Amino acid sequence: MKAAILYAPHDFRIENVSNGEIDEEECLIRVHACGVCHSEIHQWDQKIIDLNYPRHIGHEVSGEIIKTGKKVKGFNKGDRVAVWTDGKGYAEEVKARTERIFPIAEGIAYEQAMAEPIACSTNAVLRANPSLADTVALVGTGFMGLIILQELRLLGLKKIIAIDIRDEMLKLARALGADITINPQKEDTLAIIKDLTNNKGVDVAFEVGGVQPTLDLTAEICRMEGKLVIFGYHPGPRQIKDLGYWNWMAFNIINAHFRDIAVILNGARVGMELLNAGKIKMERLITNIYPLEKIEEAFKAAKDKPEGFVKSVVVME
Ligand SMILES: [Zn+2]
């Protein structure tokens with residue numbers, strides 16, 4: 001089968017590789033789509049010392065079951081499914097055990113059914129556990145922020161504030177349920193937040209952007225004793241600007257990063273149920289679709305974020 005292997009930064013090569021036989025508890029899935037994850041951009045863009053190349057990455061997979069192992073129950077050939085894999089997703093086929101496979105409801109396109117990012121955002125909301133009357137801010141409303149936003153909306157909070165430097169993302173955030181949007185490059189974010197919160201700051205502040213300015217801004221807008229949720233992926237040398245301030249403000253710091261596979265799978269199960277029930281809408285979030293041969297372009301778009309970009313997905317033809 002064909003697969004895209006990352007040999008070095010900016011050097012994906014399409015190769016023929018073998019997947020081997022499935023064992024009796026696995027399914028073989030013909031991949032239809034694999035999302036390009038923000039967490040993969042770093043290793044594609046520059047050599048990461050601790051990582052071995054060549055690498056076969058890709059973990060946001062969806063497709064159709066084409067073979068089931070003897071002991072597999074509950075899934076059949078022909079089922080449309082989302083899969084959480086630990087890599088090897090940019091390929092025509094993947095193998096997976098059933099606990100990592102989630103049904104996709106009719107009417108939901110493969111490229112919209114990305115179990116892994118949906119798992120991460122769902123787990124972040126579950127762990128942050130906002131209260132009904134909370135004012136919540138999202139600092140960064142790209143793909144992940146816009147999923148979190150929709151899940152927060154389901155909780156019926158007092159106010160959801162979307163903050164982003166791309167106006168088109170703020171427009172989308174408003175369409176998906178944000179009450180207020182702020183562009184920090186054009187507006188005085190702190191003044192607006194103070195005005196909205198009686199000078200206190202927000203009850204829950206999600207840092208989603210994964211860069212130093214979003215981290216700093218999240219701390220600036222969170223109220224004393226508020227929940228400061230670190231969701232963004234931070235591969236670079238980020239710093240807490242003023243730990244004394246974080247300490248004094250008695251922030252309830254929540255690391256919304258998940259490594260425990262059981263937790264990830266539970267998030268995927270809950271999130272996929274919301275997607276299948278039509279409670280999370282992905283149509284407007286999947287903006288850039290590329291065939292496997294153009295995977296370099298998919299990554300380039302994910303890094304450069306051209307006009308209108310929200311998410312890149314690689315599809316098999
Ligand atoms: Zn991912």
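Just so it is clear, the model here is predicted, and its values are computed rather than measured.

Conventions and cut-offs
- Residues numbered from 1 in each chain as written.
- Predicted model: local features only at pLDDT ≥ 70, side-chain atom pairs only at ≥ 80, totals over all residues.
- Heavy atoms only, no water.
- Donors = N, O, S within 2.8 Å, 3.2 Å for Na, K, Ca; no water.
- Tetrahedral: all angles 85-135°; square planar, octahedral: opposite > 155°, others 65-115°.
- Pairing = 2+ DSSP bridges.
- Helix = DSSP H or I, 4+ residues; strand = E, 2+ residues; numbered from the N terminus.
- Axes fitted to C-alpha atoms, helices over the stretch in contact; angles between N-to-C directions.
- Contact = heavy atoms within 4.5 Å.
- Buried < 20%, exposed > 50% of the residue type's maximum accessible area, 1.4 Å probe, protein only.
- Arc of directions from axis to C-beta.
- Phe/Tyr/Trp six-rings, centres within 6.5 Å; stacked < 30°, edge-to-face > 60°.
- Lys NZ or Arg CZ within 6 Å of the ring centre and 35° of its normal.
- 1 Å grid on protein atoms, 1.4 Å probe; cavity = no way out; pocket = protein on both sides within 12 Å on 5 of 7 lines; lining within 4 Å.
- Points joined across faces, edges and corners; volume = space filled by probe spheres on them.
- Nonpolar A, V, L, I, M, F, W, Y, C, P; charged D, E, K, R; others polar.
- Domains from an automatic or database assignment.
- Buried area = accessible area lost by both parts, 1.4 Å probe.
- Core = buried A, V, L, I, M, F, W, Y, C linked by side-chain atoms within 4.5 Å.

1. As for the coordination of the zinc ion
(1) Moving on: The protein atoms that coordinate the zinc ion are Cys-37 (SG), His-59 (NE2), Glu-60 (OE) and Glu-116 (OE), at distances of 2.1 to 2.3 Å.
(2) Moving on: Angles of 92 to 157° at the metal separate the 4 donor atoms of the zinc ion, which places the site in the irregular class.

2. Section: the sheet that holds strand β9 (residues 159–163)
(1) Moving on: Across the sheet, 6 strands lie side by side as β10-β9-β8-β11-β12-β13; this open sheet has parallel pairing. Here the strands that pair on one side only, and so sit at the sheet edges, are β10 (180–182) and β13 (252–255). On average, adjacent strands in this sheet sit at an angle of 20° to one another, irrespective of strand direction.
(2) Moving on: Of the strands in this sheet, β9, β10 and β11 (202–207) are in contact with helix α5 (residues 189–196), which crosses β9 at around 180°.

3. Brief notes about helix α4 (residues 167–175)
(1) Moving on: If you check which residues of α4 are buried, you get Met-169, Leu-170, Leu-172 and Ala-173. Around the axis of α4, the buried residues are gathered within 160° of arc, so they sit on the same side.
(2) Moving on: Immediately downstream of α4, the backbone of Gly-177 shows phi near 120°, a positive value.

4. Here's the deal with the environment of Glu-283
(1) Moving on: By secondary structure assignment, the location of Glu-283 is in the loop between α8 (261–276) and β14 (288–291).
(2) Moving on: Along the chain, Glu-283 and Glu-111 lie 172 residues apart, while their C-alpha atoms are 9.1 Å from each other.

5. Observations regarding the packing of aromatic side chains
(1) Moving on: Enumeration over the complete set of coordinates arrives at 6 aromatic pairs.
(2) Moving on: Seen in terms of ring centroids, Tyr-90 and Phe-299 are 5.8 Å apart; in terms of plane orientation they differ by 65°. Their pairing is edge-to-face. Of this pair, Tyr-90 sits in the loop between β5 (80–84) and β6 (93–97) while Phe-299 is found in helix α9 (residues 295–304), placing the two residues 209 residues apart along the sequence. Accessibility assignment for this pair places Tyr-90 and Phe-299 in one class, buried.
(3) Moving on: An aromatic cluster of three or more residues is present, and its members are Phe-12, Trp-44, Tyr-90 and Phe-299.
(4) Moving on: Directly above the aromatic system of Tyr-7 lies the positively charged group of Arg-13, at a separation of 4.0 Å from the ring centroid.
(5) Moving on: One cation-aromatic arrangement involves Arg-80 over Tyr-110; the distance from NZ or CZ to the ring centre is 4.6 Å.

6. Some details on the layout of surface pockets
(1) Moving on: In this structure, the second largest pocket occupies an estimated 310 Å³ of space.
(2) Moving on: Among the elements that make up the lining of the second largest pocket, the one with the highest residue count is β6 (5 residues).
(3) Moving on: Residue composition of the lining of the second largest pocket, grouped by class: 7 nonpolar, 5 polar and 7 charged.

7. Section: the domain arrangement of the protein
(1) Moving on: Under the domain assignment used here, the protein contains domain 1 (2–114 + 282–315) and domain 2 (118–255).
(2) Moving on: The centre of domain 1, based on its C-alpha atoms, is set 29 Å off from the matching centre of domain 2.
(3) Moving on: Contact residues are listed per partner, giving 16 residues for domain 1 and 14 residues for domain 2.
(4) Moving on: Approximately 1200 Å² of surface area, both sides summed, lies buried where domain 1 meets domain 2, with 67% of it carried by carbon and sulfur atoms.
(5) Moving on: Interface area lost by domain 1 to domain 2 is led by Arg-284, Leu-285 and Val-310, which between them contribute 36%.

8. Things to note about the nonpolar core
(1) Moving on: Ranked by size, the top nonpolar core spans 52 residues in total, and within it Leu-146, Leu-152, Phe-206, Met-272 and Leu-285 carry the most contacts.
(2) Moving on: Split by domain, the residues of this core number at least three in each of domain 1 (2–114 + 282–315) and domain 2 (118–255).
(3) Moving on: Excluding its chain neighbours within four sequence positions, the residues that come into contact with Leu-146 are Thr-141, Met-169, Leu-172, Ala-173, Leu-176, Leu-285 and Val-310.
(4) Moving on: Formed by 32 residues, the second largest nonpolar core is a distinct cluster that contains Leu-6, Val-94, Ile-295 and Ala-302.

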